[in-house]
Each structure stands twice: as C-alpha cells, then as structure tokens.
Amino acid sequence: SGAVDTLPIVAPRHIIDALDPTAGYMIYVEGQIRSHNVRDEKGRHLLIFVFANVVEVQEGEPENCVYLSGPLCREPTYRKTPLGREICDVMLSIPRPFHRADYLPCILWGKIAQHVSRLHTGNVLYVEGRLQSRIYTKLTDEGAIERTAYEVSALPAQSMPEDGDPD
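Residues numbered from 1 in each chain as written. Predicted model: local features only at pLDDT ≥ 70, side-chain atom pairs only at ≥ 80, totals over all residues. Heavy atoms only, no water.

## A few points about the layout of surface pockets
Here comes step 1: By volume, the largest pocket is sized at about 1100 Å³.
Here comes step 2: Residue lining of the largest pocket: 36 residues in total, with Leu7, Val29, Glu63, Asn64 and Cys65 positioned closest to the centre.
Here comes step 3: Put simply, the parts of the chain that give the lining of the largest pocket at least two residues each are strand 2 (26–40), strand 3 (43–58), strand 4 (66–71), strand 6 (86–96), strand 7 (100–109) and strand 8 (124–140).
Here comes step 4: For the lining of the largest pocket, the leading source of residues is strand 2, giving nine residues.
Here comes step 5: Considered as a void within the structure, the second largest pocket measures approximately 680 Å³ in volume. (1 Å grid on protein atoms, 1.4 Å probe; cavity = no way out; pocket = protein on both sides within 12 Å on 5 of 7 lines; lining within 4 Å. Points joined across faces, edges and corners; volume = space filled by probe spheres on them. Helix = DSSP H or I, 4+ residues; strand = E, 2+ residues; numbered from the N terminus.)

Below, the structure is given as structure tokens:
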C-alpha cells in the first residue's frame with residue numbers, strides 16, 4: 001500500500017542474536033500474529049504482535065502478507081468514512097493448540113465490507129491482507145492520549161460454510 005507500518009515482533013533470543021542487519025537490507029519475518037489481553041492500572045487493551053519463528057536479513061522489496069481463517073467472535077460493525085468509503089470491522093478468533101485462541105481485529109473495504117456486514121458471530125471467515133499500524137487519539141479523564149492500533153487490513157475475504165471449504 002505504500003504506508004509505513006511499525007509492527008511489534010517477538011522472537012527467541014537465539015534468532016535475534018544471529019541477525020547481522022546491514023543498512024539497506026530488509027528484515028524478513030515469518031510467524032504467527034498473536035494477541036494478549038493486558039489489564040493494568042489504565043484498564044484493558046489488546047496487545048497484538050508477530051510471534052516470529054524466522055527472522056532473516058534479505059534483499060528485496062517490502063512485503064506484508066497475512067492469511068487468517070477463523071470464526072467471528074462478535075457481530076461485524078459496518079460504517080462509512082467521511083469520504084464515503086465502506087468499512088466493516090470484525091474480530092476473528094484464530095484457533096491455536098491447547099484450546100487457546102488469538103483475537104485479531106480486521107478491517108474490510110468496499111463490496112467485501114457489505115458482504116461481511118451481513119455475517120454473524122460464529123460464521124467462519126478467510127481473509128488475506130496486511131498487518132497495519134494506525135495512530136489514534138483516545139480521550140480519557142486525564143486528557144487526550146496518542147495510541148497505536150494494530151489490525152489486519154483485508155482485501156480478499158470469503159465466508160466459509162460449516163464444512164470449512166470457501167464459498
């Protein structure tokens with residue numbers, strides 16, 4: 001998209017220690033997008049990060065690809081931007097081993113947003129997109145606080161029937 005995204009990465013120490021970053025090269029990261037609910041004195045918030053199993057220095061063009069499949073864990077929220085673009089926000093529950101799940105916010109656009117807005121909690125959705133960061137201002141009792149939100153901006157998306165095969 002041309003946008004610069006700042007993404008949190010968590011990786012084992014031995015992978016990081018093996019890196020030899022050189023100016024002008026890209027850092028290639030492969031792994032899973034994970035979520036963690038954080039509760040602190042400021043309240044609750046969802047921490048999103050990439051749990052990396054591969055981190056390498058490479059040449060090449062920037063690329064940010066995400067592939068997710070999981071059920072909607074809350075009802076979709078459909079809206080329009082001030083410029084009239086259609087948007088649908090969803091939260092996917094991505095299953096992990098040992099009866100765990102990651103809860104990942106996704107944003108869909110245009111006709112796909114219209115289609116997904118008609119789905120309900122429990123419907124399975126397959127999305128392709130990119131993990132993006134976005135700065136926003138949260139108004140609190142102490143005043144305005146600048147925060148960063150992480151979400152998957154999805155272009156292709158397919159709802160899936162109960163058998164798991166895309167429509």
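## Details of the sheet that holds strand 3
Here comes step 1: Spatial strand order, 1-3-2: three strands in an open sheet with mixed pairing. Edge positions in the sheet fall to strand 1 (9–10) and strand 2, since each of these pairs with one other strand and no more.
Here comes step 2: Relative to strand 3, strand 2 is paired through 15 bridges, and the arrangement is antiparallel. Opposite Ile27, over in strand 3, you have Val57 as the bridge partner. (Pairing = 2+ DSSP bridges.)

## Description of the confidence of the model for the protein chain
Here comes step 1: Mean pLDDT for the protein chain: 86, with 90% of residues reaching 70 or above.
Here comes step 2: Mean pLDDT across the elements of the protein chain bottoms out in strand 9 (residues 143–160) (82) and peaks in strand 5 (residues 77–80) (96).
Here comes step 3: Scored below 50 in pLDDT, residues 163–167 shows eight contacts in the model against residues more than four places distant or in partner chains. (pLDDT = per-residue confidence, 0-100. Contact = heavy atoms within 4.5 Å.)

## What about unusual backbone geometry?
Here comes step 1: Even without being a glycine, Phe98 presents a positive backbone phi close to 65 degrees.
Here comes step 2: Within the secondary structure layout, Phe98 lies in the loop between strand 6 and strand 7.
Here comes step 3: For Phe98, a relative accessible area of 78% puts it in the exposed group.
Here comes step 4: Positive phi, normally seen in glycine, also occurs at His99, with a value near 60 degrees.
Here comes step 5: Inspection of the secondary structure assignment puts His99 in the loop between strand 6 and strand 7.
Here comes step 6: Here His99 falls in the exposed class, since its relative accessible area comes to 87%. (Buried < 20%, exposed > 50% of the residue type's maximum accessible area, 1.4 Å probe, protein only.)

## Some words on the packing of aromatic side chains
Between two aromatic rings, the relevant description is the distance of the centres plus the angle of the planes.
Here comes step 1: Summed over the entire model, instances satisfying the criterion amount to zero aromatic pairs.
Here comes step 2: Between Arg34 and the ring centre of Phe51, over which it is positioned, the NZ or CZ distance is 4.6 Å. (Phe/Tyr/Trp six-rings, centres within 6.5 Å; stacked < 30°, edge-to-face > 60°. Lys NZ or Arg CZ within 6 Å of the ring centre and 35° of its normal.)

## With respect to the side chain of Arg130
Here comes step 1: By secondary structure assignment, the location of Arg130 is in strand 8.
Here comes step 2: A distance of 2.8 Å separates the side chain of Arg130 from the side chain of Gln132, its partner in a polar contact. (Polar contact = N/O pair within 3.5 Å; in protein donor to acceptor, adjacent residues only side chain to side chain.)

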